[in-house]
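Observations on chain architecture
Read off the chains here:
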Amino acid sequence: MEAIEQAIRNALAKSDAKNPAIRQKIYESAWGAHERSLAANGALDENQREDRREMLKAAITRIEDEVQATGGITPPPAPEPVAEPSEPMFAPGPPKSRGTDARIEPSIDIGPPEVEAPVLVDDDSKADNYRPGKARRKLRRDGERRKASGFSKALIILALLAVALGLFWVVASGIIKPKPGMAPSNTTGPAATESSQEPTKEGQLSATGNWIEVFNPTDMSQVALEGRATATIGGDQLEKFVRIQSPTETDTISFKVGQGVLDQLAGKTAVFDIIAKAEDGKSSQIAVSCDFGNLGDCGRKRFDISDASKEYLVQVQFPEGNAPAEGGVIKINSDVTQSGKSVNIIAIRAQVAN
C-alpha cells in the first residue's frame, strides 16, 4: 500500500496538485488500478479486499489533507525493501535493480491527466468523494429523489382534486339532500255533494295514528255485488288487489264495515282511506257512498283515479251519543261515465282523525 501511496504522490508532484479536478482524476486512476488488481487476485476473500480498499481510502485521505493544508505535495523517498509479500501489481513498470534480493515495486502509470471539464469539488471534501463515479452517482440520486418527491406531490394534489370534484357532483346531483319535513299535511278538500260535478281530490298524506282495517283483498267475504258489477282478485306476492267493474251507474260493489269498527269511531270524526289505482295507462272516475245505519252516511263523492297507487280519503263526522246497531257498508262505482272501466282496490282502512 506504501507503493500505491508513493505512486499517487509522484503523480501529484508532476501535475498541478492545486487543481481539485486534476487531483480527482489521479485518485480515480489509482482506485481503478487497485480494483483491477483485487479482481485479478483470486487468493483474497471479500473481507480482505474491503480491508485493502479502506487502506487505500485512508492513504488518499492523508494525501488530500496534506494538499489542502500546504497547497502542494512532495513525493517521499522510495521505501526500503521489506521481506513481505508484494502488493498487487496494477500496471507494470520497468524493473529496478537493488541487488540480488531486490524485488519489483508496484507502480501506477499515472501521467498528467487531461481535464475535459472542471469538476466541482469543495476544498473540505474527504477522500471518499473521489471514489470513481461517486459524485456523479450522488448527483443522479439527488435528482431522482427530487423527481420522485415532485411526482408524489402531484399525485396527492390530483387525488384531493378528484375527491373534491366527486363531493361536488354528489351534492349537485341531489343524491345528498336535506330530509324533507315529515309534518302531515291534510289537503283533502271538502267532499262534493251529489249535485256537485267536481270530483274530490285524493289525499296527499294519510292521517297519522293507528289504522283500523276495513277491507283486505285476501278476504272476499266482505265484498257484495249489485247488478252486473264484478269483483276479481289479482296482483302478486308483493301487492294484491280486488279489481272491480261497474258497467252502469246502478251496478255497485259494497265493502262491509264491521260493527266493531263503527263502535271505535262512533261520536268521533273518522277518516276512511281507500287505496286504489286504475289499470295501467288508463284513468277513471269513481263514485263513493256510505251507509252506516243509525250513524248516518258520508254523502256521495267522486275521485279521479290514476294508474298509480294512491290514497283517497273520506272524512265522516259521526254524531255523539249514538251507538251503532249493526255494521255499515261503503259502496263504490268504478266508472261514473258508464264506460265499463275497472279499478283496483288495494285496501280500505279507517281511523279517528286528529
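Structure report, in brief. (Residues numbered from 1 in each chain as written. Predicted model: local features only at pLDDT ≥ 70, side-chain atom pairs only at ≥ 80, totals over all residues. Heavy atoms only, no water.)

1. Focus on the pattern of salt bridges
Under the definition given, this model contains 14 salt bridges. A salt bridge links Glu-50 to Arg-53, with the nearest nitrogen and oxygen atoms 3.1 Å apart. Within this pair, Glu-50 and its partner Arg-53 are both found in helix 3 (residues 46-70), separated by 3 residues, close to a single helical turn. The class of Arg-53 is buried, set by a relative accessible area of 11%. (Salt bridge = Lys/Arg side-chain N within 4 Å of Asp/Glu carboxyl O. Helix = DSSP H or I, 4+ residues; strand = E, 2+ residues; numbered from the N terminus. Buried < 20%, exposed > 50% of the residue type's maximum accessible area, 1.4 Å probe, protein only.)

2. So, the sheet that holds strand 7 (residues 284-291)
Reading across the sheet, the 5 strands line up as 2-5-10-7-8 and stay open at both edges, with antiparallel pairing between neighbours. One side of each edge strand has no neighbouring strand; the edge strands of this open sheet are strand 2 (223-225) and strand 8 (300-305). Going from strand to strand, the sheet's axes swing by 25 degrees on average, the running direction of each strand aside. The sheet contact formed by strand 5 (residues 253-257) and strand 10 (residues 328-333) spans 5 bridges and is antiparallel. By the bridge assignment, Ser-254 is partnered in strand 10 with Lys-331. (Pairing = 2+ DSSP bridges. Axes fitted to C-alpha atoms, helices over the stretch in contact; angles between N-to-C directions.)

3. Quick look at the environment of Ile-244
Inspection of the secondary structure assignment puts Ile-244 in strand 4 (residues 240-245). Look at Ile-244 and you get buried, because its relative accessible area is 0%. Taking C-alpha positions, Ile-244 is 6.7 Å from Thr-232, a pair spaced 12 residues apart along the chain. Those residues in contact with Ile-244 that lie beyond four places of it in its chain are Thr-230, Ala-231, Ile-253, Phe-255, Ile-332, Ser-334, Lys-341, Ser-342, Val-343 and Ile-345. (Contact = heavy atoms within 4.5 Å.)

4. Description of the state of the cysteines
Per the stated rule, a full pass over the model turns up 1 disulfide. Between the sulfur atoms of Cys-290 and its disulfide mate Cys-298 the distance is 2.0 Å. Between Cys-290 and Cys-298, the S-S dihedral sits near 85 degrees, and the bridge is therefore right-handed. A residue is classified by how much of its surface remains accessible, and Cys-290, at 11% relative accessible area, is buried. (Disulfide = S-S within 2.5 Å.)

5. With respect to the environment of Val-329
Inspection of the secondary structure puts Val-329 in strand 10. Sequence spacing of Val-329 and Asp-291 is 38 residues, and the spatial spacing of their C-alpha atoms is 5.4 Å. Once residues lying within four places of it in the same chain are set aside, the contact partners of Val-329 are Ser-254, Phe-255, Lys-256, Val-257, Ser-289, Cys-290, Asp-291 and Phe-292.

6. Side note on the nonpolar core
Counting residues in each nonpolar core, the largest one holds 38 residues, and the members touching the most others are Ile-244, Phe-255, Phe-272, Phe-292, Phe-318, Ile-332 and Ile-345. Top contributing element to this core by residue count: strand 6 (residues 269-278), with 5 residues. Those residues in contact with Ile-345 that lie beyond four places of it in its chain are Phe-215, Pro-217, Phe-241, Val-242, Ile-244, Phe-255, Ile-274, Ile-275, Ala-276 and Ile-332. (Core = buried A, V, L, I, M, F, W, Y, C linked by side-chain atoms within 4.5 Å.)

7. Observations regarding a nonpolar patch on the surface
A grouping of Phe-151, Leu-155, Leu-158, Leu-161 and Leu-165 is seen on the molecular surface, where their side chains present a nonpolar patch of about 530 Å² in accessible area. Along the chain, the position of Phe-151 falls in helix 4 (residues 134-173). (Patch = residues over 30% accessible without salt bridge, like charges linked within 9 Å, V, L, I, M, F, W, Y side chains within 5 Å. Areas by Shrake-Rupley, 256 points an atom, 1.4 Å probe, with all protein chains shown as cover.)

8. Regarding the side chain of Arg-49
Here Arg-49 shows up in helix 3. Glu-46 provides the closest opposite charge to the buried, salt-bridge-free Arg-49, at an N-O distance of 4.2 Å. A distance of 3.0 Å separates a polar atom in the side chain of Arg-49 from the backbone oxygen of Asn-41. Excluding residues that lie within four positions of it along the chain, Arg-49 makes contacts with Leu-38, Asn-41, Gly-42 and Leu-44. (Lys, Arg positive; Asp, Glu negative; His and termini not counted. Polar contact = N/O pair within 3.5 Å; in protein donor to acceptor, adjacent residues only side chain to side chain.)

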